[in-house]
Structure formats: structure tokens, C-alpha cells
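Residues per chain, in single letters:
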Amino acid sequence: MAASTDRATSLKEFEETKAGVKGLVDSGITSIPTIFHDPNIHLSIPAATHLSIPTVDLSLPRPIAVDHIRSACQDWGFFQLINHGIPLSTIEKTISAVRSFHELPAAVRSQYYTRAILGSFSYFSNQDLFYSEAASWRDTLYLIFGPVRPELERIPEVCRSELVKWDESVKEVAREVMGLMSEGLGLDPRRLEELSCLEGRGMAGHYYPPCPEPDRTFGLVDHTDPGILAVLIQDKIGGLQVKSMRDECWVDVKPIPGALVFNVGDLLQIISNDEYKSVQHRVVANSDKESRVSIATFFTPGKREEFDIYGPLLELISIEKPARYANVKMIEYLNAFLNKKLKSKSQLDPYKLLGK
Ligand SMILES: O=C(O)CCC(=O)C(=O)O
Ligand SMILES: [Fe+2]
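Positions within a chain are numbered from 1, following the residues in the order the chain's sequence is written. Written order determines the labels here, with chains lettered from A and ligands numbered from 1. Thresholds applied to this predicted model are a pLDDT of at least 70 for local features of residues and 80 or more for the giving and counting of side-chain atom pairs; totals over whole chains, interfaces and linings are not thresholded and use all residues.

Peer 1: Can you explain the site of ligand 1? Please cite residues and give values.
Peer 2: Close contacts around ligand 1 come from Ala204, His206, Leu220, Asp225, Leu232, Gln234, Leu240, His281, Val283, Ser294 and Ala296, and that covers them all. Each helix corresponds to a stretch of at least 4 residues labelled H or I by DSSP, and each strand to a stretch of at least 2 residues labelled E; elements are numbered beginning at the N terminus. Elements that contribute at least two residues to the shell around ligand 1 include exactly strand S5 (200–208), strand S7 (229–234), strand S11 (281–284) and strand S12 (292–300). Three classes are used: nonpolar for Ala, Val, Leu, Ile, Met, Phe, Trp, Tyr, Cys and Pro, charged for Asp, Glu, Lys and Arg, and polar for all others, with Gly counted as polar. Residues of the shell around ligand 1, tallied by class, amount to six nonpolar, four polar and one charged. Nearness here has a simple definition: the residue's C-beta atom, placed using the backbone, must lie within 6 Å of the molecule or strand.

Here's what the structure looks like:
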């Protein structure tokens, strides 16, 4: 059989188990199937240990917090937020609810296995399984909280109340941080919120089982996030790495108990006219003996009608700083993301204006 047919068959077989990577690990495998062998793994140079992403303390006086957030968004595109008011116990409960879903018996969780994002809840392994060069060592549950209200009864009971509560908590902190980010751009604090940037919300509950050959694959290949902002919580295992813009090396995002990891998405880079940066990040395959859990909430504009267009904000454009991007039709932009492999050129490129 030709290699590509072989691969297609193996992908299909894996998909049909509906048990994800967790199912493979539970079957007792000691080596990973070839569909997971990543041809770019040699680029997986170890992270630079002397660097770390900035930490922002939200309890500092507002002008100082604005300043810290502005420089983090300009220089790193990432920061960890502490003293944000969400109790550690809430974060721990949310993480453990996602873990409980992924650790349900295979026969139970497989009933939820689907790639159809419609209907507010889905569970799958690798959103780009059929487009990517190599699969990654990760399963995901995905929820849509807005702009369309979720059908709550579709969310499995093991994690329903925790994830609904988490959506409310994360939205409130994001409201506050978007205010500071707007101010950091010299805009009215409500500017991003008025653009409906809090309304589109998707939540990915990732599960990274221990990998028997962590040198052959990734947990999540390098990518940028397409939307406005992502907010992540993670357990103590670690594995998330960010590409430093200055040194071009990978930097570990060390888990800080209770911290929220914020990162700028491609759309925020566009509307801020390159003031804030959307930066590549990835997750190495889990070499720990316990599974890793992380939960990312993605904020995108809720306005997605035919006529809803987003581009560099007029207040940020001048003769000295002309617009660097063309306008984006939101509905086309979001559809393009759903149909591409994660590891591909960022969504910014097609909108870049030449000569800038
Ligand atoms: O699991 C992580 O730490 C990162 C998740 C992430 O980057 C994503 O879902 O886009
Ligand atoms: Fe991401």
C-alpha cells in the first residue's frame, strides 16, 4: 500500500475508536503509532531556561498595571496574570472537572466523540487530524459559549456546572484585562468590549496523556491563536512554550498555581495595527507519568454578520503609522480557521498590506 493510503487508513482507524490518545495509552502501548511521528521534531530544541514570560500583578495601581500589560503585549504577546480575584479553588475545580470528563470510561466518553462543532459541545482528538502532517499527543473537549448561547443539557454532567461557572469567571477577568489593554493602546477602556470582543467565546479543555516516546511528537504543534485574546489555566505539569520575539528561542511557561496565562491573538494584532503581537506557541509531548490538563478560552468578536468587518482601528492609524492590514470579514476569517491545519502560516499574512 502507498504510504499515503496507509496513513489515511490508520487515521481512520484511530478516529473510529472514538477513544482518543487516552484510549491508546490505556491499551498499554509502549511506542507511538506512526501517524504521530512528527517530521519536524528535530526543531524541538530545548527551551531557554534563563528566560520567562512576564507576570502581571492585577492588584497594582491601575496605571502601573496598564503599563505592564502594554509592554507584555508588545514584547512577548503573552503574560501570566496574578492577584486577579478568582480563587485558586475555582481553578482547581475547573481543571479537575475537565480531567474527569477525559477519564470517563471509554464507552461513555466515546458517545460524545464528534468533530461537529455545532451544538455547543464536542470531543475529539486533534482538530486538524485529517489535514496535518502528523497528529499530536492530545485530546480535546470543546465548548461554544457565545455569541450563541450553549445548549447546557448537551454538556456532560461531570463537567457542566464547573465549565459554565468558569466561563462566567474568565469573562469577568477578560473584561477587566481588555479594559487595561485598550488603555494601553491609548483608547477608551471600553473600546474592545464595544467591538463585541467578549461575546464570541470558545473553550478548549485539553488532555495530554503521558507519551511513551515524547521525543517523536508534540502535544500541540506551534501555532498562533486566531482571535482577539486567549486565557488559559493549566495544572502543575507544564509543557507550554512561547517563542521569544527577541531571541527567537522557545521559553517555558512555568505553571504558577492560580495564575491565568493571557495571550494576544492574530485579530488583536490586526486591530491594534501591530502594536500588540500574536506570538507562536506550542506544547511539548507530555513526558510526565500523569496526564496534563489545560483549559483555554478564546475570545473573538461576537459580531459575525455579512457586513461585520474588522481592521486596524482608525484611532491607531496616522500618516506616520499607516494601516498595515486590510479589513477582515469576520465570518470568512472564522471559517478559514476551522478549515486549516493548526501548524500553518498565521492568519495575519493574507491581510498584510504590501510595502509596510
Ligand atoms: O495547552 C496549552 O498549554 C496551550 C493550548 C493552546 O495553545 C491552544 O489551545 O491554542
Ligand atoms: Fe494556542
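Let us keep going from here.
Peer 1: Any details on the nonpolar core? Residues and values, ideally.
Peer 2: Joining buried Ala, Val, Leu, Ile, Met, Phe, Trp, Tyr and Cys residues through C-beta atoms within 7 Å gives a set, and that set is a nonpolar core. Exposure classification rests on a simple neighbour count of other C-beta atoms within 10 Å of a residue's own: a residue reaching 20 or more is buried, one at 12 or fewer is exposed, and one in between is partly exposed. C-beta atoms are placed from the backbone. Counting 86 residues, the largest nonpolar core has Ile69, Phe78, Phe79, Leu229 and Phe262 as the members making the most contacts within it. The dominant element in this core, judged by the number of residues it contributes, is helix H6 (residues 160–184), at eight residues. Here, residue contact means that the backbone-derived C-beta atoms of the two residues sit within 7 Å. Apart from residues no more than four positions distant in its own chain, Phe78 is found in contact with Ile53, Ala72, Val242, Val261, Phe262, Asn263 and Val279.

Peer 1: I'd love a proper account of the sheet that holds S7, names of residues and values included.
Peer 2: At least two DSSP bridges between two strands are needed for those strands to be called paired. With respect to topology, eight strands assemble into an open sheet ordered S1-S2-S10-S7-S12-S5-S4-S3, the strand pairing being mixed. Here the strands that pair on one side only, and so sit at the sheet edges, are strand S1 (55–57) and strand S3 (121–124). Along the sheet, successive strands turn relative to each other by an average axial angle of 25 degrees, direction set aside. Where S1 lies against strand S2 (residues 78–82), three bridges are found, and the strand directions are parallel. Across the sheet, Val56 pairs through a bridge with Leu81, a residue of S2. A fitted line through C-alpha atoms serves as each axis, taken over the contacting stretch for helices, and the angle formed by two N-to-C directions is quoted from 0 to 180°.

Peer 1: For the pairing of S3, give the residues involved together with the corresponding values.
Peer 2: Because side chains alternate across S3, one face comprises the buried residues Phe121 and Tyr123, and the other comprises Ser122 and Phe124, none of which is buried. Note that S3 and strand S4 (residues 139–146) share four bridges and pair antiparallel. Each residue of the ladder has a partner; that of Ser122, found in S4, is Tyr142.

Note that every value here comes from positions in space, so none of it alone points to a role or purpose.
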